[in-house]
Amino acid sequence: MFAAERRQLILEMVRANGAVSLRELARVVQTSEVTVRRDVRALEAEGLLDRRHGGAVLPGGFTRESGFPQKSHLATAEKTAIADLAANLVEEGEAIVVGAGTTTQELARRLARVPGLTVVTNSLLVAQALAHANRVEVVMTGGTLRGSNYALVGSGAEQSLHGLRVSRAFLSGSGLTAERGLSTSNMLSASVDRALVQAAAEVVVLADHTKLGTDTMFQTVPTDLITRLVTDEPPAHDDRAATELQALADQGVQIAVAGATGAGGAGGDPGPARQQRRDVPLPGPRRQVPGTGLRSATMLGEQSPGSERARVADLRRR
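Residues numbered from 1 in each chain as written. Predicted model: local features only at pLDDT ≥ 70, side-chain atom pairs only at ≥ 80, totals over all residues. Heavy atoms only, no water.

Q: Would you take a moment to explain the environment of R194 for this structure?
A: Relative to the helices and strands, R194 resides in helix α9 (residues 187-198). Remark: the alpha-carbon pair of R194 and V221, spanning 27 residues in sequence, is separated by 6.6 Å. In this structure, R194 is in contact with Q219 and T220, ignoring residues within four places of it in sequence. (Helix = DSSP H or I, 4+ residues; strand = E, 2+ residues; numbered from the N terminus. Contact = heavy atoms within 4.5 Å.)

This is how it looks when you write it as structure tokens:
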């Protein structure tokens, strides 16, 4: 394929989806990511698209947000691997909150197998994924339906979360940086996500490598409130993602990395035998955040299952 043909196809894909990862572009045009990066750089110079970490977006992508149909086709293997790994953090009998997003929807499909679980969510997609789980209780917030991502937002959603206390919040977003934390392109979504954070003792962010180093308009979770990041393995040449991961670890965020090859097969079943996890060690103890009730972070396996269940039971009694 000639360069002009490649670039035209790349442009058509970005226009159709709003945002596309370099990995996906390279797969479709059947060339290397290095070549695709050159093409994206050339198209950006013409003002036809904007480069973002690990991908390309429509011009003005800093303020834009792709709808669910576009997001659902982006980084699907990576999201599956992330959801497989994140599901291992959830124990029987826990009470958690799960925010809106395509990655959290993948997580919800796996949580349907966790007995005694209580899931609070503002996402219709998360609720739908758990609707037929016999041993999972789903609690939905109130609010106004935001059709682009099937989420309940607004004052009704925020007020329904007042007084709630759960063990963990699982959130996604449009971008993640060590400097600013998790962010999104929509003000209403950001406000509800902040309310979800206030209800949780720990915050787990689910973000594939294409979101690392990307900053969008509205901050949802500052870095010092993020307990753990679950992400996928960035491409070997993606120095920016590796740098961002190290910067997040330096600020006390625990990082678990899942290989995209660990994606499950048909039906969304996880593939633990092929999954990889790399926990980036913390440089020092995590500080307590005054006034939030967030306790210091612990690594996987550091706390016994019995003490965790006792803590969750105590949260429910409150």
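Q: Got a minute to help me understand the side chain of T103 in this structure?
A: Here T103 lies in helix α6 (residues 102-111). When its relative accessible area of 1% is taken as the criterion, T103 is described as buried. Those residues in contact with T103 that sit more than four places away from it in its chain are K79, I82, A83, S172, L206 and K211. (Buried < 20%, exposed > 50% of the residue type's maximum accessible area, 1.4 Å probe, protein only.)

Q: Explain the pattern of salt bridges to me, please; I cannot follow it from the model alone.
A: Opposite charge on two side chains makes pairing possible when the charged atoms of those side chains draw close. Evaluated as defined, the whole model comprises eleven salt bridges. With a shortest N-O distance of 2.5 Å, R27 and E24 are connected by a salt bridge. Placement of the pair is R27 and E24 together in helix α2 (residues 22-29), with a separation of three residues, close to one helical turn. For R27, a relative accessible area of 55% puts it in the exposed group. Two residues, R110 and E106, come together in a salt bridge whose shortest N-O distance is 3.2 Å. On the criterion of helical spacing, the pair formed by R110 and E106 is a turn pair, its members being four residues apart in helix α6. In terms of burial, R110 and E106 fall into one category: buried. Connected through salt bridges with shared partners, the residues D84, E106, R109 and R110 form a single ionic network. (Salt bridge = Lys/Arg side-chain N within 4 Å of Asp/Glu carboxyl O.)

Q: Hey, could you run me through the sheet that holds strand β11 (residues 181-184) in this one?
A: Strands in a sheet are paired, the pairing made by backbone hydrogen bonds, and the direction either parallel or antiparallel. Pairing is antiparallel across the open sheet formed by three strands, whose spatial order is β10-β11-β13. Two strands lie at the open edges of the sheet, namely β10 (175-177) and β13 (218-221), each paired on one side alone. This sheet shows a mean twist of 35° between the axes of neighbouring strands, independent of strand direction. Bridge analysis of β11 against β13 gives three bridges, and the strand direction is antiparallel. Counterpart to L182 in the pairing with β13 is V221. Relative to β13, α9 is tilted by about 20°, and along the sheet it contacts β11 and β13. (Pairing = 2+ DSSP bridges. Axes fitted to C-alpha atoms, helices over the stretch in contact; angles between N-to-C directions.)

Q: Can you help me understand helix α10 (residues 239-250) in this one?
A: The periodicity of an α-helix, 3.6 residues per turn, causes residues three or four places apart in sequence to face the same way. Its twelve residues give α10 an end-to-end C-alpha distance of 16 Å, which sits within 8% of 16 Å, the value for a rise of 1.5 Å per residue. Immediately downstream of α10, the backbone of G252 shows phi near 100°, a positive value. (Expected span 1.5 Å × (residues − 1).)

Q: Is there a simple way to explain the packing of helix α5 (residues 76-87) against α6 in this structure?
A: Working note: a packed helix pair is described by the angle between its axes plus the distance between those axes. Contact pair α5 / α6: the axes reach a minimum separation of 8 Å and the direction vectors enclose 50°. In terms of orientation, α5 and α6 fall into the oblique class. For the crossing formed where α5 meets α6, the hand is right-handed. Facing α5, whose interface residues are K79, T80, I82, A83, D84, A86 and A87, α6 presents T102, T103, E106, L107, R110 and L111. Along the lines of polarity and charge, the residues of the contact of α5 with α6 split into six nonpolar, three polar and four charged. (Parallel < 35°, antiparallel > 145°, perpendicular 65-115°, else oblique. Left-handed = near helix turned anticlockwise from the far one by under 90°. Nonpolar A, V, L, I, M, F, W, Y, C, P; charged D, E, K, R; others polar.)

Q: Any chance you could explain the pairing of strand β15 (residues 254-258) here in plain terms?
A: For a regular strand, side-chain orientation follows a simple rule: the groups alternate between the two sheet faces. Counted residue by residue, β15 has five buried out of five residues, so it is predominantly covered. Where burial is concerned, the two faces of β15 agree: the one with Q254, A256 and A258 and the one with I255 and V257 are both buried. Across five bridges, strand β14 (residues 228-232) lies against β15 in parallel orientation. Considered in β15, the bridge of V230 is made with A256.

Q: For this particular structure, what's the right way to read a nonpolar patch on the surface?
A: Together, L124, M140, L145 and Y150 make up an exposed nonpolar region whose accessible area comes to about 320 Å². Take L124: its relative accessible area is 31%, and that puts it in the partly exposed class. (Patch = residues over 30% accessible without salt bridge, like charges linked within 9 Å, V, L, I, M, F, W, Y side chains within 5 Å. Areas by Shrake-Rupley, 256 points an atom, 1.4 Å probe, with all protein chains shown as cover.)

Q: When you look at the environment of A56 in this model, what are you seeing that I'm missing?
A: Residue placement: A56 occurs in strand β3 (residues 55-57). Using a relative accessible area of 1% as the deciding quantity, one classes A56 as buried. Spatially, the C-alpha atom of A56 lies 9.2 Å from that of L25, the residues being 31 residues apart in sequence.

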